[in-house]
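# An overview of the molecular structure
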Amino acid sequence: MNILIVEDEQFSAQHLKSMLLEIQSDAHIYGPLDSIRSIVRWFESNPSPDLAFFDIQLADGLSFEAFEQANIQCPVIFTTAFDEYAIKAFKLNSIDYLLKPVHFIELKAAIDKYKRIYQPIKDLQPTKKMIEQLLADIGQSYKTRFSVRVGEHLLSIRNEDIAYFHAEQKSTYLSTTAGRNYDLDYSLDQLDKLLDPKLFFRISRKYIIHIDAIKDIIVFSGSRLRIKVAHEPENELIVSREKVKFFREWLDA
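The paragraphs below set out a description of the structure included in this document. Fair warning: this is a prediction, and the values are worked out from it, not measured in the lab. (Residues numbered from 1 in each chain as written. Predicted model: local features only at pLDDT ≥ 70, side-chain atom pairs only at ≥ 80, totals over all residues. Heavy atoms only, no water.)

All right, on to the environment of Gln10 then. Residue placement: Gln10 occurs in helix α1 (residues 10-23). For Gln10, a relative accessible area of 56% corresponds to the exposed category. Taking the C-alpha atoms as reference points, Gln10 and Pro32, 22 residues apart in sequence, are found 8.0 Å from one another. (Helix = DSSP H or I, 4+ residues; strand = E, 2+ residues; numbered from the N terminus. Buried < 20%, exposed > 50% of the residue type's maximum accessible area, 1.4 Å probe, protein only.)

Right, here's the structure in full:
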């Protein structure tokens, strides 16, 4: 929560900051700004805070003037020693109006009011990371089936029928849960980018396995893991030592 303080009395500003941190310990407090000019300059060069506290009477005029000179869109709680400005304050972005000296209970009530109004809206806003992940998911399409040649015929094999892929003597093979092997025109490195990482994991330089094909996992020497599948290949399926940690995380995902 980013909070801006506009206050030209140093003691009042420090007192307000202390109470705010007691109410919201993880808040980032900016300011205090002590003039209309400094307010305008701050909003021109900084992102809008989540909430601002504006003292109405500043050394160079009323803080209301800053709203005419700068694009201030954040919610504001006004503070003042006089109540004559209440009506004008509520015509702006105000969500509350506190008389000085500001008391802790009244301040907490104002913060709670802000959260009731604005926090549900803020929680619905997607973060940059969420947006990037969503765009990545939309842009990334994984293969769901593979076309293989058998003599003069073509077969389409679905992901759920694949037990594993393996590389042998510069060739790549698809092995099905039924124990059939088919030659592929892809390398394992290419398959790494085409396969859904939720379903497939490259356990070693030569093998990529499907999660549903795993029948048993045996702790092997040197903290390695041995994978048991139906219709096992001649070579044992061993999770290489450097991949064991990531393999376990994949299983837990």
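By way of backbone hydrogen bonds, the strands of a sheet pair with one another, either parallel or antiparallel. Spatially, the three strands line up as an open sheet ordered β15-β16-β17, and their pairing is antiparallel. On the outer flanks of this sheet lie β15 (214-219) and β17 (237-239), each paired with one strand and no other. Strand after strand, the sheet turns through a mean of 30 degrees between neighbouring axes, direction not considered. Relative to β17, strand β16 (residues 225-229) is paired through three bridges, and the arrangement is antiparallel. Bridge pairing in β17 places Leu225 opposite Val239. (Pairing = 2+ DSSP bridges. Axes fitted to C-alpha atoms, helices over the stretch in contact; angles between N-to-C directions.)

Our next topic: the sheet that holds strand β10 (residues 162-168). Reading across the sheet, the five strands line up as β12-β11-β10-β14-β13 and stay open at both edges, with antiparallel pairing between neighbours. Unpaired on one side and paired on the other, β12 (181-184) and β13 (200-202) mark the two borders of the sheet. Across the sheet, the mean angle from the axis of one strand to that of its neighbour is 20 degrees, orientation sign disregarded. The pairing of strand β11 (residues 171-176) with β12 spans four bridges and is classified as antiparallel. Bridging from a neighbouring strand, Ser175 pairs with Asn181 of β12. Its contacts with the sheet put helix α8 (residues 244-252) on β13 and β14 (207-210), and the angle it makes with β13 is roughly 175 degrees. (Contact = heavy atoms within 4.5 Å.)

Counting 21 residues, the largest nonpolar core has Ile39, Phe43, Phe54, Ile72 and Phe78 as the members making the most contacts within it. Secondary-structure elements contributing two or more residues to this core are β1 (2-6), α2 (36-45), β3 (51-55), α3 (64-69) and β6 (76-80). Among the elements that take part in this core, α2 stands out by supplying five residues, more than any other. What Phe43 contacts, discounting residues up to four positions off in sequence, is Leu4, Ser48, Pro49, Phe54, Ala70, Asn71, Ile72 and Cys74. Core analysis: the next-biggest nonpolar cluster, separate from the first, contains 20 residues, Ile3, Leu20, Ile77 and Val102 among them. (Core = buried A, V, L, I, M, F, W, Y, C linked by side-chain atoms within 4.5 Å.)

What follows covers the pairing of β3. Burial of β3 is extensive: five of the five residues sit out of reach of the surface. Residues Leu51, Phe53 and Asp55 of β3 are buried on one face, and the alternating residues Ala52 and Phe54, pointing to the opposite face, are buried as well. Note: β3 against β6, four bridges, orientation parallel. The partner of Phe54 across the bridge, within β6, is Phe78.

With that out of the way, let us pick up unusual backbone geometry. The residue after Gly31, namely Pro32, is reached through a cis peptide bond having omega 10 degrees. With respect to the helices and strands, the residue Pro32 is situated in strand β2 (residues 28-33). Looking along the chain, the bond that leaves Lys100 and enters Pro101 is cis, with omega of -5 degrees. Note that Pro101 resides in the loop between β7 (94-99) and α5 (104-123). Even without a glycine there, the phi angle at Lys170 is positive, about 65 degrees. Even without a glycine there, the phi angle at His231 is positive, about 55 degrees. Looking at where His231 falls in the secondary structure, it is placed in the loop between β16 and β17. The class for His231 is partly exposed, based on a relative accessible area of 48%.

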